[in-house]
Each structure stands twice: as structure tokens, then as C-alpha cells.
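What follows is the residue order along each chain.
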Amino acid sequence: MKKYILGLSVLFAVVVMAFAACSKSSSGSNPEPAPPATPPAASVSVEIKNFAFSASSVSIKKGGTVTWTNADSTPHTVTDNAGSFDSNSMATSATYSRKFETAGTYTYHCNFHSSMTGTVVVSN
Ligand SMILES: [Cu+2]
């Protein structure tokens, strides 16, 4: 009788282990798909309006282009704080485009109005 109970518990243990191994391997062969990350846009437009860059911070993929449009009645500039790009004076309705080939965070400002600042985040 004792031998029978021992055999039954061993059988039970084997079944539990087999079940655990089975469920483990099935989850291993079907990994949860990673949630798709929102890819940064290839190109972005920034409006210059009411003495501000809108949006003041934009994100693009490496190789992407940002186009600024002056919607104000006064001239503005898009000038990189680090000096790598400069639109020079932009009249009303003028546009300036810049292609970003290197990943990084670029901060810029308007040469005429020090309160006007913006950021372009370029990702790989
Ligand atoms: Cu300005």
C-alpha cells in the first residue's frame, strides 16, 4: 500500500514537471511581441508665430528635415545655439529647411528675440 502511494506521488510529480516544461517551452517559442515604438517622423514643420516656435520641441529621424515657416509680420531667424545652422533673417511667409544627418539634440533661437528658443531631437 505504501509502495502504491509512493508510486502515485512520483507519477504526479512527473506529470507536474512535464506540464511545467511544456508551458515553459510554448511560451519560449512564442515570445510576446514587443509593442511597436512610435517611429519619429521623417520630416516636421515648425511654425514661427506670435514670437514663438510652434512646436518648440520636435523629434525626427536621422536624415529627416525640419521646415520652419515665419507666420509673423516681423522677421525672425532660426539659429543653432552651437552655430551649425542659421536661416538668417526670414521675412513674413519665408521658409527655411534643414536636413539633420547626425543624431543628437539641437537647441536653437531667434537672433532678434532672445526669448524665442526651440529644440530639435534627432534620433537614429
Ligand atoms: Cu524672432
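Fair warning: this is a prediction, and the values are worked out from it, not measured in the lab. (Residues numbered from 1 in each chain as written. Predicted model: local features only at pLDDT ≥ 70, side-chain atom pairs only at ≥ 80, totals over all residues. Heavy atoms only, no water.)

S.K.: Please clarify how unusual backbone geometry should be interpreted in this entry.
M.R.: Excluding glycine, residues mostly have negative phi values, and the peptide bonds linking residues are mostly trans. Ser54 connects to Ala55 through a cis peptide bond whose omega is 0 degrees. With respect to the secondary-structure elements, Ala55 resides in the loop between strand S2 (52-54) and strand S3 (57-70). Residue Phe51 is not a glycine yet carries a positive backbone phi of 60 degrees. Take Phe51: it is sitting in the loop between strand S1 (41-49) and S2. Phe51 gets classed as partly exposed once you look at its relative accessible area, which sits at 41%. (Helix = DSSP H or I, 4+ residues; strand = E, 2+ residues; numbered from the N terminus. Buried < 20%, exposed > 50% of the residue type's maximum accessible area, 1.4 Å probe, protein only.)

S.K.: Honestly, the coordination of the copper ion in this entry has me stumped. Any pointers?
M.R.: Geometry reference: four tetrahedral donors at a metal, ideal angle 109.5 degrees. Six octahedral donors, ideal angles 90 or 180 degrees. The protein atoms that coordinate the copper ion are His76 (ND1), Cys110 (SG), His113 (ND1) and Met116 (SD), at distances spanning 1.9 to 2.7 Å. Taken together, the four donor atoms coordinating the copper ion and their angles of 90 to 133 degrees define a geometry best described as tetrahedral. Coordination of the copper ion draws on donor residues from a single chain, spaced H-x33-C-x2-H-x2-M in sequence. On the basis of relative accessibility, which here comes to 21%, the residue His113 falls in the partly exposed class. With a relative accessible area of 1%, Met116 lands in the buried category. (Donors = N, O, S within 2.8 Å, 3.2 Å for Na, K, Ca; no water. Tetrahedral: all angles 85-135°; square planar, octahedral: opposite > 155°, others 65-115°.)

S.K.: Please explain the nonpolar core as it appears in this structure.
M.R.: Within the largest apolar cluster, 19 residues are counted, with the highest numbers of intra-cluster contacts made by Phe53, Trp68, Val78, Phe100 and Val120. For this core, the elements supplying multiple residues, two or more each, are S1, S3, strand S6 (104-109) and strand S7 (117-123). No other element matches S3, which puts four residues into this core. (Core = buried A, V, L, I, M, F, W, Y, C linked by side-chain atoms within 4.5 Å.)

S.K.: Teacher, can you tell me more about the environment of Tyr96 here?
M.R.: Assignment of secondary structure puts Tyr96 in strand S5 (residues 95-99). A sequence separation of 27 residues divides Tyr96 from Thr69, and the C-alpha atoms of the two residues are 6.6 Å apart. If near-sequence neighbours (up to four positions away) are discounted, Tyr96 is found in contact with Val66, Thr67, Trp68, Val78, Phe85, Asp86, Ser87 and Met90. (Contact = heavy atoms within 4.5 Å.)

S.K.: What exactly am I supposed to notice about the environment of Ser54 here?
M.R.: By secondary structure assignment, the location of Ser54 is in strand S2. In this view, Ser54 contacts Ser45, Val46 and Glu47; residues no more than four positions away in its chain are not counted.

S.K.: Would you mind showing me how to read the packing of aromatic side chains here?
M.R.: Working definition: an aromatic ring pair is given by the centre-to-centre distance plus the angle between the planes. For the coordinates displayed, the defined rule picks out six aromatic pairs. A ring pair is formed by Phe85 and Phe100, whose centres lie 5.5 Å apart and whose planes are at 90 degrees; its orientation type is edge-to-face. Here Phe85 is found in the loop between strand S4 (79-80) and S5, whereas its partner Phe100 is found in the loop between S5 and S6, with 15 residues between them in sequence. Across this residue pair, the class does not change: Phe85 and Phe100 are buried. Counting every residue linked through ring pairs, the aromatic cluster contains Phe53, Trp68, Phe85, Tyr96, Phe100, Tyr106 and Tyr108. Taking the ring centre of Phe100 as reference, the NZ or CZ of Arg98 above it sits at 5.2 Å. (Phe/Tyr/Trp six-rings, centres within 6.5 Å; stacked < 30°, edge-to-face > 60°. Lys NZ or Arg CZ within 6 Å of the ring centre and 35° of its normal.)

These figures come from the coordinates and say nothing about function on their own.
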